[in-house]
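Single-letter residue listing:
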Amino acid sequence: MEKIVFPKGFLWGGATAAHQVEGGNVNNDWFIFEQKPGKILNGVVSGDSCDHYNRFPEDFKLLKKLNHNAHRFSIEWSRVEPAKDYFSTVEIDHYKEVIKTLKKLKIEPMVTLHHFTTPVWMANLGGWENPDVVNRFEKFTRVIAEALGKDVKLWIPINEPVVYAILSFMDGEYAPGKKGFLRGFKVIGNMLKAHALSYRAIKEINPKAQVGFNKHMRVFDPLREDNSWDIRVAGAQDKNFNMDVLNALNTGKSTGQIKVAKKDKDLIKGAFDFMSLNYYARDRIKFAPFSPGRLFGKAVVPEGAETSHEGATGERPEGEVYPHGIYRLLKTLSQYKKPLYVVENGIGTNNDKARLKYVARHIAEVGNAIKDGMDVRGYLHWSTLDNFEWAEGYDMRFGMIHVDFETQKRTVKETAKFFSDLAKKNCIDKALLKKYEVTL
Ligand code: FCB
C-alpha cells in the first residue's frame, strides 16, 4: 500500500459535549427531560456521567500521552447563565481553567457553544422556537468570547442544527421532546441566525478567531440503484437534510423549507470561516409512500451490511458503515472553498475491534481527500470518552477511552492506541496497519 500522509500541523483529537461527560448538569432542559419515564433507554439519567467536570486535568493528561494535539468540547450555557442575565464567574473561571490546562499541554481547544442543551429558563420561554433565543445566545457568546476569546482560536457556535431540530422539535426524541414538522424548520431558522450573530460577535471580539459552521451529514443513496423512485427520494432527503441549511448559510437566502428574512441576508451570508463535518453513516433510501414526514423515503440497511451505532443491547442499528462517504462529503463541502475539519466520526459499539477498523478506514479516506486537494485540517473522533449518549443512556459506547461509570476508572482501548501511534507518525503506513492487524 501507498503511505497515507497527513499535512504538518494536522489536528488529531477527540470530541465531547458538556452534558455527556461533565456530570452534575441540573440547570438545562435535558436534566428535566431525563427525569420523565420512558425517555432514556433503561431509565437512566446523566447523573455524574464521567465526572469530567472534576477530572478534566487527569483526562487531558491522558490525551497528551495519547498524542492528541486538539480537543473539542462544549461550554455549558446553563452553567454559565443558570438564570436569565445572571452569569456565574465561578463557572466562567472553570472553563478558563479547562482552556488553560489544554493550552499548557499544547492541545488546541475547539469550543462549541451549544451542544443540544438549553438552560431551563430559556427552555421555559419557548427555547429555540422563540425568536428571542438568538439575542440571548448572542449575549452568552459575548460573555464567553470576552472572557476566553484570546485563548481560543477555533469555535463552533452550534452543534448540528438540523439534527437538533429533528430530534428535539420534530420527532420529540430529545429534550425538550416537542413534535411538529414546521416547528423544526422554525428552529433551524433561529439556529442559523443565532449562529451568524455568534459568528460575528466572536470575530468582533477576537478578529483572529476562526469560527466554523457545524453540519452532521449523512450520505443518502438509493437502495435500488436503478429505481427512479428510490433515486428521487434519496435526492430529496440529501437536499432537505444536508444541503438546504448549507446553501441558506452560503447565500443568506431562504432555501427549501428554511426561511431567512430579507433583512438578515447580510448577517447570515457566508458567516463561517470553516466547515466542520460530523459523519457517521450512510442511509440507503427506499421509496415509502406512507412516510410523508420523511419525504416518502425510508432508510433500509441492506442485508449483510455493517451497521453503525450498535448499543450493548444491539437495539439501534443506525445506518450503514460506509467509509468512502466521508470522502464524498468532504468533496461536497469543498465547494464552499473554506478549510474543512472533521469534528465527529465514530461508532457506538462495545466491539473495539470494529471501532478500530471503522476509524482506520475513515481516516484513510480523509487522507485520500487531502491527497486529492481537499483542505482538511483535522480529525476529531467522537468520542474521547464513553459517555451519556442522550436517549440511549449509557448503553451505547462511543469512546476511544473506556469509562467504568461505577468507579470512574479510565481504560485506554486498542483504538486509542492505534490513534495515538497514527497521530505521532502523522501517517498511515503498512507497519501501523500490521501492528493493529487491520486492513483498509
Ligand atoms: C452526534 C452528536 C453527539 C453524539 C453522536 C453520537 O449527532 O453531536 O453528541 O451523540 O451523535
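Per chain, residues are indexed from 1 in the order of the written sequence. Only residues with pLDDT of at least 70 are given local features in this predicted model, and only at 80 or more are side-chain atom pairs given and counted; all residues enter the totals for whole chains, interfaces and linings. Think of the side-chain values as coming from all heavy atoms in the structure, minus any hydrogens and water.

A. Representation of the overall build of the chain. A run of DSSP states H or I qualifies as a helix once it reaches four residues; a run of E qualifies as a strand once it reaches two. Both are numbered from the N-terminal end. Broken down by element type, the chain carries 15 helices and 13 strands. A compact globule built from 440 residues would reach a C-alpha radius of gyration of about 22 Å, and the chain, at 20 Å, matches this within 12%. Based on the C-alpha atoms only, the size of the chain along its principal axes is roughly 55 × 55 × 45 Å. For the exposure calls, accessible area comes from a 1.4 Å probe over protein chains only, and a residue counts as buried if that area is under 20% of its type's maximum, exposed if over 50%, partly exposed in between. Among the 440 residues that make up the chain, the fraction classed as buried is 60%. In what follows, a contact means two residues having at least one pair of non-hydrogen atoms within 4.5 Å. Within the chain, contacts between residues at least 6 apart in sequence are counted, and of these 74% link residues at least 24 apart. Carbon together with sulfur atoms contributes 52% to the accessible area of the chain, which is approximately 17700 Å² in total. Once the 66 positive and 55 negative side-chain charges of the chain are each reduced to a mean point, those two points are 5 Å apart. When we talk radius of gyration, it's over C-alpha atoms, and the globule rule is simply 2.2 Å times the number of residues to the 0.38. Accessible areas in this description were obtained via Shrake-Rupley with a 1.4 Å probe; residue shielding takes into account the shown protein chains only. The charge count treats Lys and Arg as positive and Asp and Glu as negative. His and the chain ends do not count. Just so you know, the charge point we use is NZ for Lys, CZ for Arg, CG for Asp and CD for Glu.

B. Structural context of the site of the ligand. Proximity criterion: a residue is near a molecule or strand once any of its heavy atoms comes within 4 Å of it. Close to the ligand lie Gln20, His115, Phe116, Asn159, Glu160, His216, Tyr280, Glu344, Trp382, Glu389, Trp390 and Phe398. Under this definition, polar contacts are N or O atom pairs within 3.5 Å; protein pairs additionally need one hydrogen-donor-capable and one acceptor-capable atom, and for neighbouring residues in sequence, both atoms have to be side-chain atoms. Within the side chain of histidine 115, an N or O atom sits 2.8 Å from an oxygen atom of the ligand. Here an oxygen atom of the ligand sits 2.6 Å away from a polar atom, N or O, in the side chain of glutamate 160. When its residues are assigned to classes, the shell around the ligand shows 5 nonpolar, 4 polar and 3 charged. Classes in brief: Ala, Val, Leu, Ile, Met, Phe, Trp, Tyr, Cys and Pro nonpolar; Asp, Glu, Lys and Arg charged; the others, Gly included, polar.

C. Broad picture of the side chain of serine 420. Position of serine 420 among the secondary structure elements: in helix α14 (residues 414-425). Taking the relative accessible area as the measure of exposure, serine 420 reaches 7% and is therefore buried. One polar contact links serine 420 to asparagine 67, side chain to side chain, over a distance of 3.0 Å. Among residues more than four places away in sequence, those in contact with serine 420 are Lys65, Leu66 and Asn67.

D. Here's a closer look at the environment of tyrosine 174. With respect to the helices, strands and loops of the structure, tyrosine 174 is situated in the loop between α8 (161-170) and α9 (181-205). In this structure the C-alpha to C-alpha distance between tyrosine 174 and aspartate 29, which are 145 residues apart in sequence, comes to 9.7 Å. Apart from residues no more than four positions distant in its own chain, tyrosine 174 is found in contact with Trp30, Phe33, Phe116, Leu167, Ser168, Glu389, Trp390 and Ala391.

E. Molecular detail of the side chain of aspartate 283. Note on placement: aspartate 283 falls in strand β7 (residues 274-287). Look past the residues within four positions of aspartate 283 in its chain and what remains in contact with it is Arg218, Val219, Phe220, Asp221, Ala299 and Gly319.

F. Region of the structure containing the pairing of strand β6 (residues 210-222). Most of β6 sits inside the fold, with 12 of its 13 residues counted as buried. Two strands pair under a simple rule: DSSP has to find at least two bridges between them. Judged from the 2 bridges that link them, strand β5 (residues 154-158) and β6 form a sheet pairing that is parallel. Considered in β6, the bridge of tryptophan 155 is made with valine 211. In the sheet, β6 pairs with β7 via 10 bridges, with the strands oriented parallel. Bridge pairing in β7 places valine 219 opposite arginine 282.

G. Just the pattern of salt bridges, in detail. By definition, a salt bridge exists where a carboxyl oxygen of Asp or Glu is found within 4 Å of a side-chain nitrogen of Lys or Arg. Across all of its chains, the model carries 36 salt bridges by this definition. Between arginine 136 and aspartate 85 there is a salt bridge, and its shortest N-O distance comes to 2.9 Å. With arginine 136 in helix α7 (residues 133-148) and aspartate 85 in the loop between α4 (77-80) and α5 (89-104), this pair connects stretches of sequence that are 51 residues apart. Between aspartate 151 and lysine 150 there is a salt bridge; the shortest N-O distance is 3.8 Å. Through salt bridges that share partners, Asp221, Glu225, Arg282, Arg284, Glu320 and Arg328 make up one connected network.

This is a description of form; function is not addressed.
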